[in-house]
Amino acid sequence: MIRKFHIVAISIRIVVNRFGDYDPNGMMYVLKENENLIKKKVERNPFSTVDLVEPLVIRANVGDEIEVLFENQLPFHTSMHIQNAEYDVLASDGAFVGLNRDTTVKPGKSIIYKWKVETEGIHFFSDLGNPLSSESGSNLHGLFGALFVEPRGSWWTDPITGKPINSGTFADVHNPLLPSFREFGWFFHDEMEVDDLTGQTPISPHTLQPEATHSVNYRAEPMRNRLRLIQEGVVCPDCEGEEVHHDSWVFGDPDTPILRAYKGDPIKIRLVHGGTKQTHSFHYHVHQWLFEHTDQDSEVVDVQAISPQTEYTVSPLYGAGSLQGAIGDAIIHCHLYPHFAEGMWGIQRTFDTLQDGSNCYPNGVPIKALQPLPGLPKPPKPTPEKPGFPNFIPGIPGLKAPRPPLGIIGGREPTQIEKNSFAPNAVPGAVFTNPAVPGVTPVREFDIALIQRKIVYNKEGWHDPEGRFYVLKEDVEDVLSGKKDPEPLVIRANAGEVIRVNFTNMLPETLGGNAFQLVTRTYEAAMHVHFVKFDVLVSDGGNVGWNYDSSVLPGETIQYQWFADVELKATLWHDHLFANEHQQHGVFASINIQARGSKFLDSGTGKEIKSGTQATITNPLIPDFREITLFVHDFALLFDKDGNPLNPPPFPGSPDDPGVMGVNYRNEPIQFRLKQPDYDPAYVFSSWVHGDPVTPMLLAYNGDPVRVRLIQGAHEESHSFNLHRQRWRRERPDLDSELDQQQHIVIAESFTLEFNIEGEGDFDMLYHFGSLDDIWNGNWGIFRSFEKRVPHLIPLPDRKKPADREKPLPKPTGKKPPMAKPFDFCYPPNAKVRKFDVVAISTRIDYNKDKDHDPFGIVFALKDDAEAILHKHLKPEPLILRANVGEFVEVTLTNRIKGPFHHDGIHGYPDVPVAAFFPTSKRISMHAQLVEYDVRDSDGATVGFNLDQTIGPGESITYYWYIDQEFGAANLWDMADVRNHRHHGAFGMLIAEPRGSKYLHPKTRREVETGSQVIISTPILPEFREFSVIMHDGVRLFDKTGKLIIDPKPVLLNREADGGEEPEFEDQGSRGFNYRNERFSNRVKKREDVFTAFSSKVHRDPSTPLFSAYRGDPVTIRFIFPADRARAHAFVIHGHKFLRSQNDVNSSIVSVKGQNTIGTNDDFKLLYGAGGKFSKPGDYMYRSGNIGWDIELGVWGIIEVLNFKNSKLAPLQPYKQKKEAVPPSKRDCRKKLNRMKTGHVKMHKLMKANEDVNRE
Amino acid sequence: MEKDSLGHLEFEGADINAIREAVVAEAFFDNIGRRAFILIPSYPFLIIGEIVDVISDYLVIQAEVTNVAELDDEVFHVHIDDIEVFYIEKHGRKIPDIRDVHL
């Protein structure tokens, strides 16, 4: 079927809320048929939101062809570039790339784009005619939308009228074979230019300083406007602000999306990031969903990190209201608290009564009709006795929501109308729905308090004077008196249990009054929990929409009920009333839901425990394991021992990345781990020199099963958990998911990393949170594994007891450890050993043809190439090593770095929070991800009580690795000086190739040892082209005149004149692919010319790698992100698609990979090969998805897909099929069976034999 | 009727799948009254309880414990082909109890 749309790009005033905040330079795509109507409505309502002003969503069915007549009414070139669809890159790319013709559209003109769609889901589109990151660009003003592709045969209707619609973010989707569902487009977007009603930058009435705005679907409901109504006495005069930010009783409903459904309605939220810069944290209260909604093995999640230009379908299990059928308002929000406060939230509202348009909300606003989904029972009509949600709640509009019935100790009596709506098995904390069966479901009870106490983070006296955290009530006295150290509270329960919590608010009424925060009343507190099942009206621990306010005042106690229906990971809980104000002080905790029948033991004493971040979990049916719960957090508002604030914000209350970071309320900043006389950074992780860090230590015996429960507790940044040596499946329940050693995480995400400790002897493994910002601030620690018994760790009860220890454990000596020597081992007979001679050298790196360069580059290179690089005959490229599965690898690294180094101790730009003296190490090392090795000699890091694995100038070391499986791309990097080496280029890539592979030069087909593009030739599999892409940031460049380039700086804008903010630490530095970038500033001088920036016709080919393939060639892109900052980036490939998890055919088909950060490693096998399904020749861009800074700073390149044979590129050899397989004859089978019958054939052997016969 | 293409999957003239089914059914039949542990691919995934009967190719089991507390003590009819893993408590190791007796 061909569907035709006429779409216009228009400029429009976008009002984002009823307070009149607006983008005067808004831009949007609109159907031509709606253009005049929208323009008229906006003209007539200049200060109000207009329903039709929303991101354009059009729909089609799988298999459809789409023709878009695109018309540009904006004053510069614009376009529509679509993801996931098949198209001809020469005609419909929506960009002007390489040698392609221009498919952007000049002002006043139009073009026809043709797309073909083959997979259900989201096909994001946006403008690439003007991808500037500043307000001169188009995307941040709203020029994005999506094509939602539905199952074949579907149609879609308006949820209010039931009539067919041509566009709209919300629709009810119907299908003759499948159940109808509610579809909600949810577009996060950031950086929009939002002014207040007066045309000025919005001012926060709390800080009296300018404030940003974060939006959903061109709407934002920031706290600042609602706060003003409180301050002016219009509503709720005794309220503070944040505790009622989401309260519809006080303010009425927000202008941000409200996703309405009846209890049990199937829902698909099409989650899209249309913004330009931030990686957000999508959280949907009450509900959970499969990460891959088409894969039953997939991980269950309730938070999804999302980078710019990426998308996910969120299909909540059990539909609206989840398993328990919770009616009420479930807030959906970006969990990054500053974004939440600045407007990025909405509500999913679940009704229990029919809404036909005749009812009103408690404040008199009519409830729009909501068509019941066909095929589902019609909800009952509301009656005066049972008016349905929200009209049974006895609130008063203009005042704060009432407290829930039953739950609060000493609280009010319920009204009769409330009682009429009670669940038959109502109990305190589960009043309107209760999934537990009284007397049957086991109950576990906890008494928990939230208290305030100083928390000391490290031995240098960094501390939070107003640490706030949950504790078991029985521990309050011990913690307050200092007998027990604070740590995030972790309690445990088993699957199938009801958890009843008696929560007491013991916080003081105020917080702040220092360099970080203004004095704020934080007089209410609660426990909002993730994952488990609860009644959202009374146990949400929040104050949302028309729900009750399920928090309590100081001294009060409330009862919550949670039901753990299944085994879960670590399920976060935190306060939801003043979260933005105090979660970064430590207000986060977890309940870890274990398999039924588990017991939780103290790993030191073996006694049962009620709480603790670490435990030994035993179970009669499944293997016992060690559990460690790690909470990473940022915005830790700490002071040094003298009371000086650490990294204070520009003004108190500013969300501009204040403070430092921590793991479980601890940090070990590396600036304090330098030691005289030479202050060498190579030993910052060494326990010999400095003792163990104060951050959590995981203790285990070799072979122990381990589950790391990883959570981010606060507050705004991306973090990247990296662990040396041990590996896990990315999705724990899915054996098809990728093997990994790194995990990106945003606030409120939770992951379980499960592995058995591999290794011999006693050894230490480093864990760290990846980015320079994290490691600098001390977010790292040690996992220690023992071969022999130690008194402070019980053996796992179901494992063989470790032997007694003869030698004492090591103790710090204050001295550098001796060099590690390889332990005795011998290769198996016929082992293939691949050897590399690698040198680390200092060299200038030219990032582009305009001579932007790093004069202080530190790179790894093959020894044979080093002289050529040093003599400028060969341009330095990141070292790429390859080895085949089954091979042993020996890398002999020689240190030839001689400098010059760019500083003698004070680094400067790109800077870190709490900068300090930190000289450049002259030592170097190489650490490899994902390979198997002995941590004691081949880790490439000098960690804990391991011996030294870094080398000084002139020295050499050999690392021994084994490639046990085809894990694809892995990071290689230096661990001798994370601060000073990595961003200068001390990284590379290792690729595990299929067994028997040869690596051929793409032109000559001669075997090569390195190179970013090669042909991989194997004896069994078809040949494929391999392109290696290394994305990195935090680079320190100079221009051709020798002037330091301070990035990011908006192109074509004078920041000083613009009044723009200084970039955050995580954005500081230049960036690129493979030591190269192609900056817009070197190519375009005027806004009108921006559309030409990618064109080789107008300029020249970019300096970034130009990858080449013939159409149809199988292509695999190897991708890593080794350096350097905390900002996460998206990676986009034009015109091609790949499986999100390359070995899992049930995973989503996508053309973008988000959340790339330090340690990311991935492999993109392009479906259908080069040129996509239609094998179209042309230039396909690969690039960052972060329009905010990356693209204009040059993070883009080209894959050229050639039509005709060219001397520059050798063709792949055609795949010759081996002798055609002949199905086994019946006689062969008989023979085999007869052979087996002669022995004592067991039934299972017979079956196995039959399988073998079938394979033959 | 034409013999199906899997006709070669036979053992001494009998259908191999039928043999497997019969052997498993027999294992349960011979142990009626004993405790068994079974894993099945569908809800509730795990059942521990007493073998009550084997009716044709269905196992009747009186659950003591399942993966879900609400289904403890129920009687289940499980098709023999759905049993992925089983253990019948005879003279070997006792099947442990995972009920939350300590709560």
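On a predicted model such as this, the values are computed, not experimentally measured, just so you know.

For chain A, the helix and strand inventory stands at 16 helices and 69 strands. Expected size for 1256 residues packed as a compact globule is a radius of gyration near 33 Å; at 30 Å, chain A falls within 12% of this value. Oriented by its inertia axes, the alpha-carbon framework of chain A measures out at about 85 × 80 × 75 Å. Out of the 1256 residues in chain A, the part that is buried amounts to 67%. Of the accessible surface of chain A, which amounts to about 42,100 Å², a share of 52% is contributed by carbon and sulfur atoms. Across chain A, the mean location of the 141 positive side-chain charges is 7 Å away from that of the 164 negative side-chain charges.

A word on the state of the cysteines. Residues and elements named next belong to chain A. On inspection of all chains with the given rule, the structure shows one disulfide over all chains. Shown here is the disulfide that connects Cys236 with Cys239, its sulfur atoms set 1.9 Å apart. Look at Cys239 and you get buried, because its relative accessible area is 6%.

We now examine the environment of B:Pro44. All names here are of chain B. Looking at where Pro44 falls in the secondary structure, it is placed in the loop between strand 3 (35-39) and strand 4 (46-55). Taking C-alpha positions, Pro44 is 6.5 Å from Thr66, a pair spaced 22 residues apart along the chain. Excluding anything up to four places from it in sequence, Pro44 contacts Thr66, Asn67, Val68, Leu71 and Phe76.

Now for the packing of aromatic side chains. Residues and elements named next belong to chain A. Applying the stated criterion across every chain yields a total of 60 aromatic pairs over all chains. Between the aromatic rings of Tyr29 and Phe70, the centroid separation amounts to 6.0 Å while the plane-to-plane angle is 65°, which identifies the pairing as edge-to-face. Residue Tyr29 is located in strand 4 (residues 27-31), and its partner Phe70 is located in strand 6 (residues 65-72); the two are separated by 41 residues in the primary sequence. Across the pair, exposure class does not vary: Tyr29 and Phe70 are buried alike. For the pair Phe516 and Phe639, a centre-to-centre distance of 5.4 Å together with 85° between the ring planes defines the contact as edge-to-face.

Here the focus is the domain arrangement of chain A. Residues and elements named next belong to chain A. In terms of domain boundaries, chain A breaks down into domain 1 (1-165), domain 2 (444-532 + 568-786), domain 3 (833-1202) and domain 4 (1226-1255). Taken residue by residue, the interface counts 34 residues in domain 1 and 39 residues in domain 3. Around 3,300 Å² of area is buried between domain 1 and domain 3 when both sides are counted, 59% of it from carbon and sulfur atoms. Between the two partners, domain 1 and domain 3, sit three salt bridges. A salt bridge links Lys1137 to Glu86, with the shortest nitrogen-to-oxygen separation between them at 3.2 Å. Broken down by class, the residue content of the side of domain 1 that touches domain 3 amounts to 12 nonpolar, 14 polar and eight charged.

To continue, consider the sheet that holds strand 6 (residues 75-79) of chain B. Residues and elements named next belong to chain B. As summarised here, the arrangement of the five strands in space is 6-5-4-3-7, forming an open sheet in which the pairing is antiparallel. Taken across any chain shown, the strands that pair with only one partner, and hence form the sheet edges, are strand 6 and strand 7 (85-88). Taken pair by pair, the neighbouring strands of this sheet meet at an average axis angle of 40°, ignoring direction. Of the strand pairs in this sheet, strand 3 and strand 4 are connected by five bridges, and their pairing is antiparallel. Across the sheet, the residue bridging to Ala36 is Gly49, located in strand 4. Those strands touched by helix 1 (residues 16-29) are strand 3, strand 4, strand 5 (58-66), strand 6 and strand 7, and its axis lies near 35° from that of strand 7.

Residue and element names in this part refer to chain A. For the bond running from Ala714 to His715, omega is 5°, close enough to zero to count as cis. Relative to the elements of secondary structure, His715 occurs in the loop between strand 41 (705-714) and strand 42 (719-723). That bond from Ala1123 to Asp1124 is cis: its omega, 10°, falls within 30 degrees of zero. Secondary-structure assignment places Asp1124 in the loop between strand 62 (1115-1123) and strand 63 (1129-1133). Positive phi, normally seen in glycine, also occurs at Asn84, with a value near 75°. Classification of Asn84 by relative accessible area gives buried; the value is 5%. Positive phi is not limited to glycine here, since Asn1074 has a value of about 50°. Topologically, Asn1074 is positioned in the loop between strand 60 (1070-1073) and strand 61 (1106-1110). Owing to a relative accessible area of 5%, Asn1074 belongs among the buried residues under this scheme.

The next point concerns the pattern of salt bridges. All names here are of chain A. If you walk through the whole model with that rule in mind, you get 88 salt bridges over all chains. When the shortest N-O distance is used, the salt bridge between Arg226 and Glu221 registers 3.5 Å. Classification of Arg226 by relative accessible area gives buried; the value is 2%. With a relative accessible area of 1%, Glu221 lands in the buried category. Between Arg1083 and Glu1078 there is a salt bridge, and its shortest N-O distance comes to 3.2 Å. Salt bridges sharing partners connect three or more residues here, namely Arg59, Glu120, Glu150, Glu183, Lys268 and Arg270.

All names here are of chain A. Confidence in the prediction of chain A, expressed as mean pLDDT, is 95, and 96% of residues score 70 or more. Predicted confidence is poor over residues 1218-1224, with pLDDT under 50, and the contacts of this stretch with residues over four places away or in other chains come to five contacts. Taken together, the stretch residues 1226-1230 has pLDDT below 50 and engages in five contacts with residues farther than four places along the chain or on a different chain.

Glancing now at the confidence of the model for chain B. Low pLDDT means the predicted coordinates in that region are not meant to be read closely. All names here are of chain B. Of all residues in chain B, 84% have pLDDT values of 70 or greater, and the mean over the chain is 86. Here strand 1 (residues 10-11) stands out as the least confident element of chain B, with mean pLDDT 63; strand 6 is the most confident, with 97. Ignoring residues within four places in sequence, the model shows residues 1-7, a span with pLDDT below 50, making one contact including any to other chains. Taken over the whole predicted complex, pTM reads 0.94, whereas the ipTM for its chain interfaces reads 0.76.

Turning next to the sheet that holds strand 33 (residues 557-563) of chain A. Within a sheet, each strand pairs with its neighbour through backbone hydrogen bonds, oriented either parallel or antiparallel. Residue and element names in this part refer to chain A. In space, the four strands of this open sheet follow the order 27-24-29-33, with mixed pairing throughout. Edge positions in the sheet fall to strand 27 (468-472) and strand 33, since each of these pairs with one other strand and no more. Strand-to-strand, the axes of this sheet are offset by a mean angle of 25°, without reference to chain direction. Here strand 29 (residues 498-505) runs beside strand 33; their pairing, made up of seven bridges, is antiparallel. Paired with Asn502 across the two strands is Gln559, which belongs to strand 33.

Attention shifts here to the side chain of A:Ser921. Residue and element names in this part refer to chain A. As for its placement among the helices and strands, Ser921 is situated in the loop between strand 52 (888-896) and strand 53 (927-928). Taking relative accessible area as the criterion, Ser921 reaches 1% and is therefore assigned buried. There is a polar contact of 2.7 Å between the side chain of Ser921 and the side chain of Asp680. Polar contacts involving the side chain of Ser921 include one to the main-chain amide nitrogen of Arg923, which spans 3.0 Å. Residues contacting Ser921, with those up to four places away along its chain left out, are Asp680, Pro681, Ala682, Ile897, Ala976, Asp977 and His981.

Residues and elements named next belong to chain A. Across the five residues of strand 34 (residues 570-574), five count as buried, placing the element largely inside the fold. Taking every second residue as pointing to the same face, both faces of strand 34 are buried, with Ala570, Leu572 and His574 on one and Thr571 and Trp573 on the other. With two bridges joining them, strand 32 (residues 528-529) and strand 34 adopt antiparallel strand pairing. Across the sheet, residue His528 finds its bridge partner in strand 34, namely His574. Summarising the sheet, strand 34 and strand 35 (residues 588-594) pair through five bridges and their orientation is antiparallel. Residue pairing in the sheet places Thr571 in a bridge with Ile591 of strand 35.

Thresholds, definitions, all that
- Residues numbered from 1 in each chain as written.
- Chains lettered and ligands numbered in written order.
- Predicted model: local features only at pLDDT ≥ 70, side-chain atom pairs only at ≥ 80, totals over all residues.
- Heavy atoms only, no water.
- Helix = DSSP H or I, 4+ residues; strand = E, 2+ residues; numbered from the N terminus.
- Rg over C-alpha atoms; globule rule 2.2 N^0.38 Å.
- Buried < 20%, exposed > 50% of the residue type's maximum accessible area, 1.4 Å probe, protein only.
- Areas by Shrake-Rupley, 256 points an atom, 1.4 Å probe, with all protein chains shown as cover.
- Lys, Arg positive; Asp, Glu negative; His and termini not counted.
- Charge placed at Lys NZ, Arg CZ, Asp CG, Glu CD.
- Disulfide = S-S within 2.5 Å.
- Contact = heavy atoms within 4.5 Å.
- Phe/Tyr/Trp six-rings, centres within 6.5 Å; stacked < 30°, edge-to-face > 60°.
- Domains from an automatic or database assignment.
- Buried area = accessible area lost by both parts, 1.4 Å probe.
- Salt bridge = Lys/Arg side-chain N within 4 Å of Asp/Glu carboxyl O.
- Nonpolar A, V, L, I, M, F, W, Y, C, P; charged D, E, K, R; others polar.
- Pairing = 2+ DSSP bridges.
- Axes fitted to C-alpha atoms, helices over the stretch in contact; angles between N-to-C directions.
- pLDDT = per-residue confidence, 0-100.
- Polar contact = N/O pair within 3.5 Å; in protein donor to acceptor, adjacent residues only side chain to side chain.

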